[in-house]
Amino acid sequence: MDYLFEGVKEFSTKDFNHFRELFEGLGKKQSPHSLFIGCSDSRIVPHLITKTLPGELFIIRNIANVVPYYRSSEEYLSTTSAVEYAVKMLNVENIIVCGHSNCGGCNALYLSDDELKETPHTRKWLELVRPVKERIEKDPELVKDTVKREWVTEQLNIVEQMNHLLSYPYILERYNKKEINILGWYYIIETGEIFNYDKEEHLFTIIE
Ligand SMILES: [Zn+2]
């Protein structure tokens, strides 16, 4: 545990000085250009992979980079409220849904109820990805080839969540007026490559 405190000490006494001016400017306000919706996975580092600085990305992370369908509710809605804040209060220009390779959340879709019995909230959360699983299970090739099934699930999930964003009335309105961009990215951990979803061609192409 001590390494956590050591890290904080090193940040505040050394690293912070490199960014002092930036942080002083950010001290009283933020105006991020993009909302980044990524997986909670420890290997995804949004600022690193986009070469952005503090203040540029408003970030939501959850298991499998999920965007719940829009609904009004009296519940405490974490992802929904963060989307609302980013779009309506901060007026972000871009929303990025970033999925990734070897996603444990996407893989968990194929675990049995018994295997998920100790993680009931994870199981419930992943119901939001279930339409993807149902589509995949209709394809006999994907049922057999579990390696391919893995990355197809991860990619289809990105597209599914991009579509969920359009169920938010205020996002749909801005999207139709071309006031907001919705991007889908697929990040491959071991190569550092990111593929962007081409809405016309319905496929992911490498960003280079
Ligand atoms: Zn993941």
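Keep in mind that this is a model prediction, so the values were computed, not measured.

1. Side note on the overall build of the protein
Then comes step 1: Scanning the protein for helices and strands turns up 10 helices and 6 strands.
Then comes step 2: Reported as C-alpha extents along the three principal axes, the dimensions of the protein are approximately 55 × 45 × 45 Å.
Then comes step 3: For the protein, with 208 residues in total, the buried portion stands at 25%.
Then comes step 4: Sequence-distant contacts in the protein: of pairs separated by 6 or more residues, those separated by 24 or more amount to 63%.

2. Comments concerning helix α4 (residues 78-89)
Then comes step 1: In this model, α4 (12 residues) spans 16 Å end to end at C-alpha, consistent with the 16 Å of a helix rising 1.5 Å per residue.
Then comes step 2: What α4 keeps buried is the set Val 83, Ala 86 and Val 87. Buried residues of α4 fall within an arc of 85 degrees about the axis and therefore sit on the same side. Turned more than 90 degrees away from the buried face of α4, the exposed residues are Ser 78, Ser 81 and Met 89.
Then comes step 3: Taken together, the buried residues of α4 touch β1 (34-39), β2 (57-62) and α10 (169-176).

3. Re the nonpolar core
Then comes step 1: Counting residues in each nonpolar core, the largest one holds 35 residues, and the members touching the most others are Leu 35, Ile 37, Ala 64, Ile 95 and Val 129.
Then comes step 2: Among the elements of the structure, β1, β2, α4, β3 (94-100), α9 (146-165) and β4 (181-187) are those that each provide at least two residues to this core.
Then comes step 3: Discounting residues that sit within four places of it in the chain, Ala 64 has contacts with Cys 39, Cys 103, Gly 105, Cys 106, Leu 126, Val 129 and Asn 157.

4. Brief notes about the pairing of strand β6 (residues 203-206)
Then comes step 1: In this sheet, β6 lies alongside strand β5 (residues 194-198) in antiparallel orientation, the contact comprising 4 bridges. Following the sheet pairing, Tyr 197 is matched in β6 by Phe 204.

5. A closer look at the environment of Glu 179
Then comes step 1: Locating Glu 179 in the fold gives a position in the loop between α10 and β4.
Then comes step 2: The class of Glu 179 is exposed, set by 12 C-beta atoms lying within 10 Å.

6. So, the sheet that holds β6
Then comes step 1: Spatial ordering of the open sheet is given by β2-β1-β3-β4-β5-β6, a layout of 6 strands whose pairing is mixed. The open sheet is flanked by β2 and β6, the only strands paired with a single partner. Direction aside, the axes of adjacent strands within the sheet are offset by 30 degrees on average.
Then comes step 2: Strand direction decides the pairing type here: β1 and β2, joined by 6 bridges, are parallel. When the bridges of β2 are listed, Leu 35 appears paired with Phe 58.
Then comes step 3: Packed on one face of the sheet, α4 meets β1 and β2 and runs near 170 degrees to β2.

7. Overview of unusual backbone geometry
Then comes step 1: In the Ramachandran plot, Ala 64 falls in the positive-phi region, its phi being about 70 degrees despite a non-glycine side chain.
Then comes step 2: Of note, Ala 64 is situated in the loop between β2 and α4.
Then comes step 3: Classification of Ala 64 as buried rests on a count of 28 C-beta atoms within 10 Å.
Then comes step 4: The phi dihedral of Asn 65 is positive, around 40 degrees, even though this residue is not glycine.

8. Let's talk about the domain arrangement of the protein
Then comes step 1: Segmenting the protein into domains produces domain 1 (1-28) and domain 2 (31-206).
Then comes step 2: The gap between the C-alpha centroids of domain 1 and domain 2 is 30 Å.

The rules behind these values
Residues numbered from 1 in each chain as written. Predicted model: local features only at pLDDT ≥ 70, side-chain atom pairs only at ≥ 80, totals over all residues. Helix = DSSP H or I, 4+ residues; strand = E, 2+ residues; numbered from the N terminus. Buried ≥ 20, exposed ≤ 12 C-beta atoms within 10 Å, placed from the backbone. Contact = placed C-beta atoms within 7 Å. Expected span 1.5 Å × (residues − 1). Arc of directions from axis to C-beta. Core = buried A, V, L, I, M, F, W, Y, C linked by C-beta atoms within 7 Å. Pairing = 2+ DSSP bridges. Axes fitted to C-alpha atoms, helices over the stretch in contact; angles between N-to-C directions. Domains from an automatic or database assignment.

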